[in-house]
Amino acid sequence: MGEEKKDIKSLSLAEVTEEFLAMGEKKFRALQVFEWLHKRSVTEFGQMTNVSAGLRETLEKQYKLVSLREVRRLASAQDETVKFLFALPDDKVIESVFMKYKHGNSVCISSQAGCRMGCRFCASTLGGLERNLTASEMVEQIYRIQELTGERVSNVVVMGTGEPMDNYDNLIRFLHLISAPEGQGMSLRNITVSTCGIVENMRRFAEEGLPVTLALSLHAPNDEARKRLMPVANRYALKDVLAACDYYFKKTGRRISYEYSLVAGENDTEAEADALGKLLKGKNCHVNLIPVNPIKEREYKQSSFKNVLNFRKRLEKYNINVTIRRELGADIGAACGQLRKSHLDLSEIQGEEA
Ligand code: SAH
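Cut-offs used in this document
- Residues numbered from 1 in each chain as written.
- Predicted model: local features only at pLDDT ≥ 70, side-chain atom pairs only at ≥ 80, totals over all residues.
- Heavy atoms only, no water.
- Phe/Tyr/Trp six-rings, centres within 6.5 Å; stacked < 30°, edge-to-face > 60°.
- Helix = DSSP H or I, 4+ residues; strand = E, 2+ residues; numbered from the N terminus.
- Buried < 20%, exposed > 50% of the residue type's maximum accessible area, 1.4 Å probe, protein only.
- Lys NZ or Arg CZ within 6 Å of the ring centre and 35° of its normal.
- Axes fitted to C-alpha atoms, helices over the stretch in contact; angles between N-to-C directions.
- Parallel < 35°, antiparallel > 145°, perpendicular 65-115°, else oblique.
- Left-handed = near helix turned anticlockwise from the far one by under 90°.
- Contact = heavy atoms within 4.5 Å.
- Nonpolar A, V, L, I, M, F, W, Y, C, P; charged D, E, K, R; others polar.
- Core = buried A, V, L, I, M, F, W, Y, C linked by side-chain atoms within 4.5 Å.
- Domains from an automatic or database assignment.
- Near = heavy atom within 4 Å.
- Polar contact = N/O pair within 3.5 Å; in protein donor to acceptor, adjacent residues only side chain to side chain.
- Areas by Shrake-Rupley, 256 points an atom, 1.4 Å probe, with all protein chains shown as cover.
- Pairing = 2+ DSSP bridges.
- Buried area = accessible area lost by both parts, 1.4 Å probe.
- Salt bridge = Lys/Arg side-chain N within 4 Å of Asp/Glu carboxyl O.
- Right-handed = clockwise from strand over helix to strand, strands pointing away.

A. Expanded view of the packing of aromatic side chains. Throughout the structure, instances matching the rule amount to four aromatic pairs. Aromatic side chains Y168 and F205 sit 6.4 Å apart centroid to centroid with 85° between the ring planes, which places their arrangement in the edge-to-face category. With a gap of 37 residues between them, Y168 in helix α5 (residues 168-179) and F205 in helix α6 (residues 199-206) connect regions that are remote in the sequence. In terms of burial, Y168 and F205 fall into one category: buried. In textbook terms, an aromatic cluster arises when at least three aromatic residues are bridged by ring pairs, as seen for Y168, F205 and Y248. In this structure, R40 is placed above the aromatic ring of W36, and the distance from its NZ or CZ to the ring centre is 4.1 Å. A cation sits over an aromatic face here: R203 above Y247, 4.8 Å from the ring centre.

Right, dumping it as structure tokens:
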């Protein structure tokens, strides 16, 4: 058995350069190839027209060129949200969402195929973790969406399937690649990484010197309620998670975004709004309220709109900046892993019938 080919799209320019020099190629060739990969997002070495046929052949032999295949596309009839189901090179499937906002186009990417965090209301975690995504598979979600929609993407949220702090090294690699000036040159300030609160990696992330926005999935104002919704809360006490957020703010100067999915009867009372207000009062932060998207595998229900508005009003009394997340693409199951889950369910049924 031959050695597995290296994934050239996950390598930094410095790494490609080092490999090229080691095989006797000129330095500027590395830059040319990196640009083909990350600026023009080609999917075949043959498309690299200013690279000699000889070098293209060598590349073909030594490296694989990871690209994603579109399996399904769902466009919302209500807004311009488009949801993509992509197949990875090993045929596992992931989903990514394209959203249009006044301030620019945004893509929500997955960081893992499946997830092992087990949040009770989330569809992405129902089948557990299949595997981590490589950095190339993360950038590819953006590159393919730009190609398929013909639109430029300026913002990225790492809020799709998976826990980015559970795939730390590939996440960091992804952030360097997508912001490389020789590639897309995306501003790190336009990128948000969302975590369920893995404390040691949040602290490590604060040390990276990357001006990325950190979002914390809080979902409850105390440990007891949080443990009911998020198993990860058994591992990390809320006070340690919040201390890690403060540390992130101190190190990066980036305001933390707290995500709070409102679930009827679980975390949406006035008392809970007050407790949350007291917890976050005085912090330079932002709270994003998300009316929970019910999934068929669980009983959870969305808080009434009146409750959501009331929750916001109570929080604002503590001088906290609050937004209610607009439900883009509600008609296409754009919530958190639902398209991937329904696709997997369907393949299972078809598999049984065959
Ligand atoms: N693992 C990361 C990122 C992925 S989830 C995290 O936990 O932050 C992105 C956000 O969507 C999280 O805040 C998550 O708790 C929330 N979420 C997941 N399923 C949801 C649902 N059905 N309704 C509302 N929010 C949901």
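B. Molecular detail of the packing of α5 against α6. At a minimum axis distance of 12 Å, the contact between α5 and α6 shows a crossing angle of 25°. By the angle class used here, α5 and α6 are roughly parallel. Crossing of α5 against α6: the hand is right-handed. Every residue of α6 that contacts α5 at Y168, D169, L171, I172 and L175 is listed here: N201, R204 and F205. When grouped by side-chain class, the residues that make up the contact of α5 with α6 number five nonpolar, one polar and two charged.

C. Spatial organisation of the nonpolar core. The biggest cluster of nonpolar side chains holds 97 residues, and the ones touching the most others in it are F174, F205 and Y258. Looking at which domains feed residues into this core, each of domain 1 (6-64) and domain 2 (69-350) gives three or more. What F205 contacts, discounting residues up to four positions off in sequence, is M165, Y168, L171, I172, L175, V193, L210, V212, L214 and Y248.

D. Looking closely at the site of the ligand. In the region of the ligand, 17 residues are neighbours, and E163, S194, S217, H219 and N293 sit closest. Within the side chain of S217, one N or O atom sits 2.6 Å away from an oxygen atom of the ligand. Separating an oxygen atom of the ligand from a side-chain N or O atom of H219 is a distance of 2.6 Å. For the ligand, whose free accessible area comes to 530 Å², the fraction covered by protein is 96%. Contributing elements (two or more residues each) for the shell around the ligand: β10 (191-195) and β12 (256-262).

E. The sheet that holds β12, seen in detail. Strand order across the open sheet formed by ten strands is β3-β4-β5-β6-β9-β10-β11-β12-β13-β14, with mixed pairing between neighbours. Either end of the sheet is taken by a strand with one partner, and the two such strands are β3 (69-75) and β14 (321-324). Averaged over all pairs of adjacent strands, the angle between their axes in this sheet comes to 20°, without regard to strand direction. Strand direction decides the pairing type here: strand β13 (residues 285-291) and β14, joined by four bridges, are parallel. Within the sheet, the bridge partner assigned to V287 lies in β14 and is V322.

F. Inspection of the domain arrangement of the protein chain at higher detail. On domain assignment, one finds that the protein chain holds domain 1 (6-64) and domain 2 (69-350). Taken residue by residue, the interface counts 17 residues in domain 1 and 15 residues in domain 2. Carbon and sulfur atoms make up 49% of the surface buried where domain 1 meets domain 2, a total of about 1,200 Å² over both sides. Taken together, domain 1 and domain 2 are joined by two salt bridges. Ionic pairing is found between E15 and R173, a salt bridge with its closest N-O pair at 2.8 Å. For the pair domain 1 and domain 2, the interface holds eight residue pairs in polar contact (both at pLDDT 80 or more). No other element matches the five residues that helix α2 (residues 27-38) contributes to the side of domain 1 that touches domain 2.

G. Seen up close, the pairing of β13. When you tally the buried positions in β13, you get seven out of seven residues, the bulk of the element. Here β13 shows a buried face lined by C285, V287, L289 and P291 and a second buried face lined by H286, N288 and I290. Both β12 and β13 contribute to a ladder of seven bridges, which runs parallel. Residue pairing for β13: L262 is matched across the bridge by P291. The handedness of the β12 to β13 crossover, carried by helix α9 (residues 270-280), is right-handed. Note that the unit made of β13, helix α10 (residues 305-316) and β14 has a crossover that is right-handed.

H. Local environment of the environment of K301. One can find K301 in the loop between β13 and α10. Not counting chain neighbours up to four residues away, the residues in contact with K301 comprise L262, V263, A264 and V292.

I. Region of interest: the pattern of salt bridges. Counted by the stated rule, this structure contains 23 salt bridges. As a salt-bridge pair, K83 and E95 come within 2.6 Å of each other at their nearest N and O atoms. With K83 in strand β4 (residues 82-87) and E95 in strand β5 (residues 93-101), this residue pair connects regions lying twelve residues apart in the sequence. It is possible to trace a salt-bridge network through shared partners that takes in K9, E140 and R144.

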